[in-house]
Amino acid sequence: MLPLAMMKYILVTGGVISGIGKGIIASSVGTILKSCGLHVTAIKIDPYINIDAGTFSPYEHGEVFVLDDGGEVDLDLGNYERFLDIRLTKDNNLTTGKIYQSVINKERRGDYLGKTVQVVPHITDAIQEWVVKQATVPVDDDGVEPQVCVIELGGTVGDIESMPFIEAFRQFQFKVKRENFCNIHVSLVPQPSATGEQKTKPTQNSVRELRGLGLSPDLIMCRCSTALENSVKEKISMFCHVEPKQVICVQDVSSIYRVPLLLEDQGVVSYLSRRLNMPIDARPRKMLTKWKEMSDRSDRLLEHCSIALVGKYTKFSDSYASVIKALEHSALAISHKLEVKYIDSACLEPGTLQEEPVKYHEAWPHFCFGVRGTEGKIHAINWARIQKKPFLGVCLGMQLAVCEFARSTLGWKDANSTEFDPDSKHPVVIDMPEHNPGQMGGTMRLGKRRTIFTNDTSVLRKLYGDADYVEERHRHRFEVNPELKSHFEEKGFRFVGQDVEGERMEVIELDDHPYFIGVQYHPEFTSRPIKPSPPYLGLLLAAAGKLQSYLQKGCRMSPRDTYSDRSGSSSPDSDISELKMPSISSE
């Protein structure tokens, strides 16, 4: 791989509808380029006026993804990190709010020397400057400056919110020269059931609008339910001013991990190599071989493992996107197909039995295998603890496990978090001193923090490879009350992980239980397809009845379950004798 003379920029836009899959396609493009030996970074542009995603309800845009530096960002950055195995920063997520804030701050300082501050050129210039600066920030462990920057523009072409960004990139393509910039446009090719015919008109209109704004797509990636017919490709080619080979079919596939392979098979790498003047070697790429093995293996799985996900925002699966991905990574590692049962924690509460008995009776059988919803989670935790079902509590899930144990075993019937009951006589979870209740955005304990293991026999420590400490990402305002620690440990409820000062409780484990783990951090944010997160891997192993044998083998995998040249996490033999229903409780 020869060094590139200049940074290469790939802009991914979307048309027809939002949520069309731009994030997965942008991640997949980056993945196949990284497999060629290039260093790739990614930027997500969100046209909303919010400074970041930190104050969003999960029902707005899905989960809030947290980065090492504490950035609260769009969930698509999670896709970038998982696909490309990189570490991004908060400035890799650009919003209208951030751009306007930076321009207004400059205006207040007098940087514009009395000029009238306008969308063009000041806002558009600020966008371009941000992209150029952020594109050079290293994101790989080797610290090498990226060579390719994939930029995803959120929303749909034609939205009034995204107009300044479209104009910025219209100008940008000429500043960086044609051989350093290309545009991938993702569009929808619907197939109405009434006729079964693939319709090209939405794509034609979308591309026409994009070209009218000054950007001509180099590749048109068509999202469709089935593979594009040649006649449809030729029609899109004719009306959208591209060659047929520039029309790429991205049909529905069995796993998102097949998307990079789909793009590779249609010559996307060779086209980008020519279009952007990138001298890429034609040798077989080991990284894509691993992806193919992983995808094939996912399709062949026969045994199922069921996980009950008890949460407050279960009506929208993207609310727990990283949790689901972490579970999928771990299930794949132990050769099981994951089945997730979403359970609204509010439906498990006794009050629901009186108000909506149907929901109550539907929720509990599914499981038994704000303030709203917390009591339901506590009921679920109690059930998992008493029935000795594998349990993983994440963040609030861990805090509520502490509340449940205090009520049921210590006899503190009013034990609670001060978040939900400020007047509790047994405040087992309390507000952190640095939390500012007057302002919501950016006031949590955020980002990568070190957790020190304090116990040599900890199950979770063994799952982490017997490490002395781990560094995981946090997002919380409340913590376990350290003054009450001794009361819990006397009863076998152990705090086996603490922060570097020894003041904050980070990991809980329960004696005499197959797998009862709680973590204050969010391990799902650092899970990768071929490097599953240890707490989630432990949950799946316990669910499959294989945790003890895995630990006895020194947390090593069976050779038949590993990927080619793979190091790190894999799985033990996966013969399952009894399907068990573990549970995970999350925010």
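What counts, and where the lines are drawn
- Residues numbered from 1 in each chain as written.
- Predicted model: local features only at pLDDT ≥ 70, side-chain atom pairs only at ≥ 80, totals over all residues.
- Heavy atoms only, no water.
- UniProt positions renumbered as here; feature names shortened; annotations may be inferred.
- Helix = DSSP H or I, 4+ residues; strand = E, 2+ residues; numbered from the N terminus.
- Buried < 20%, exposed > 50% of the residue type's maximum accessible area, 1.4 Å probe, protein only.
- Areas by Shrake-Rupley, 256 points an atom, 1.4 Å probe, with all protein chains shown as cover.
- Expected span 1.5 Å × (residues − 1).
- Contact = heavy atoms within 4.5 Å.
- Core = buried A, V, L, I, M, F, W, Y, C linked by side-chain atoms within 4.5 Å.
- Pairing = 2+ DSSP bridges.
- Salt bridge = Lys/Arg side-chain N within 4 Å of Asp/Glu carboxyl O.
- Phe/Tyr/Trp six-rings, centres within 6.5 Å; stacked < 30°, edge-to-face > 60°.
- Lys NZ or Arg CZ within 6 Å of the ring centre and 35° of its normal.

Going by the annotation in an unreviewed UniProt entry, the name recorded for the chain is CTP synthase, with Scophthalmus maximus given as the source organism. As recorded by UniProt, the Function (unreviewed entry) comment attached to the chain reads in full: "Catalyzes the ATP-dependent amination of UTP to CTP with either L-glutamine or ammonia as the source of nitrogen." Here is the UniProt Catalytic activity (unreviewed entry) comment for the chain, exactly as written: "UTP + L-glutamine + ATP + H2O = CTP + L-glutamate + ADP + phosphate + 2 H(+)".

## Topic: the overall build of the chain
From N to C terminus, the chain includes 20 helices and 21 strands. The burial tally for the chain puts 58% of its 587 residues in the buried class. Counting only carbon and sulfur atoms, one obtains 50% of the accessible surface of the chain, whose full area is about 24300 Å².

## Quick notes on helix H4 (residues 96–109)
In an α-helix, one turn spans 3.6 residues, which is why side chains three or four residues apart end up on the same side. In this model H4 runs 20 Å from its N-terminal to its C-terminal C-alpha over 14 residues, within 8% of the 20 Å that 1.5 Å per residue would give. The complete set of buried residues in H4 reads Thr 96, Gly 97, Lys 98, Ile 99 and Val 103. On its buried side, H4 packs onto strand S2 (40–46), strand S5 (93–95), helix H5 (119–135) and helix H6 (163–175). In the segment just after H4, Gly 110 is the residue with positive phi, at about 85 degrees.

## So, the nonpolar core
Counting 51 residues, the largest nonpolar core has Ile 10, Val 29, Leu 33, Met 221, Leu 263 and Leu 272 as the members making the most contacts within it. Tallying contributions element by element places helix H1 (residues 22–34) first for this core, with six residues. In contact with Leu 272, other than residues within four places in its own chain, are Ile 10, Val 29, Leu 33, Cys 182, Leu 219, Asn 277 and Met 278. Counting residues in each nonpolar core, the second largest holds 38 residues, with Cys 395, Val 507, Tyr 521 and Leu 539 among its members.

## Structural notes on the pairing of strand S15 (residues 445–453)
Where S15 lies against strand S16 (residues 469–476), eight bridges are found, and the strand directions are antiparallel. Pairing of Arg 450 across the sheet is with Glu 471, part of S16. Bridge count for S15 against strand S18 (residues 493–499) is three bridges, and the pairing is antiparallel. Bridged to Phe 453 within S18 is Gly 497.

## Considerations on the pattern of salt bridges
As enumerated under the stated definition, the model contains 38 salt bridges in all. As a salt-bridge pair, Lys 531 and Asp 85 come within 2.9 Å of each other at their nearest N and O atoms. For Arg 494, the salt bridge is made with Asp 511, and the minimal N-O distance between the two is 2.7 Å. Placement of the pair is Arg 494 in strand S18 and Asp 511 in the loop between strand S19 (505–510) and strand S20 (516–519), with a sequence separation of 17 residues.

## Comments concerning the packing of aromatic side chains
In this structure the tally under the stated criterion is 17 aromatic pairs. For the ring pair Phe 83 and Trp 291, a centre distance of 5.2 Å and an interplane angle of 35 degrees mean the geometry is tilted. Remark: Trp 291 occurs in helix H11 (residues 286–300) and Phe 83 occurs in helix H3 (residues 76–84); sequence separation between them is 208 residues. Comparing Phe 83 with Trp 291, the two get one shared label, buried. Between Trp 412 and Phe 488 the ring centres are 6.1 Å apart and the planes differ by 85 degrees, which places this aromatic pair in the edge-to-face class. With Trp 412 in the loop between helix H16 (396–408) and strand S13 (416–417) and Phe 488 in helix H18 (residues 485–489), the pair connects residues that are 76 residues apart, well separated along the chain. The exposure class assigned to Trp 412 is buried, which follows from its relative accessible area of 14%. Three or more aromatic residues joined by ring pairs form one cluster here, namely Phe 405, Trp 412, Phe 488, Phe 493 and Phe 495. Here Arg 450 stacks its cationic end above the ring of Tyr 469, 3.7 Å away from the centre of that ring.

## Details of unusual backbone geometry
Residue Pro 121 follows Val 120 across a cis peptide bond; omega there is 20 degrees. Looking at where Pro 121 falls in the secondary structure, it is placed in helix H5. With a phi angle near 80 degrees, Lys 177 is a residue other than glycine that sits in the positive phi range. Mapped onto the secondary structure, Lys 177 falls in the loop between H6 and strand S7 (181–188). Take Lys 177: its relative accessible area is 47%, and that puts it in the partly exposed class.

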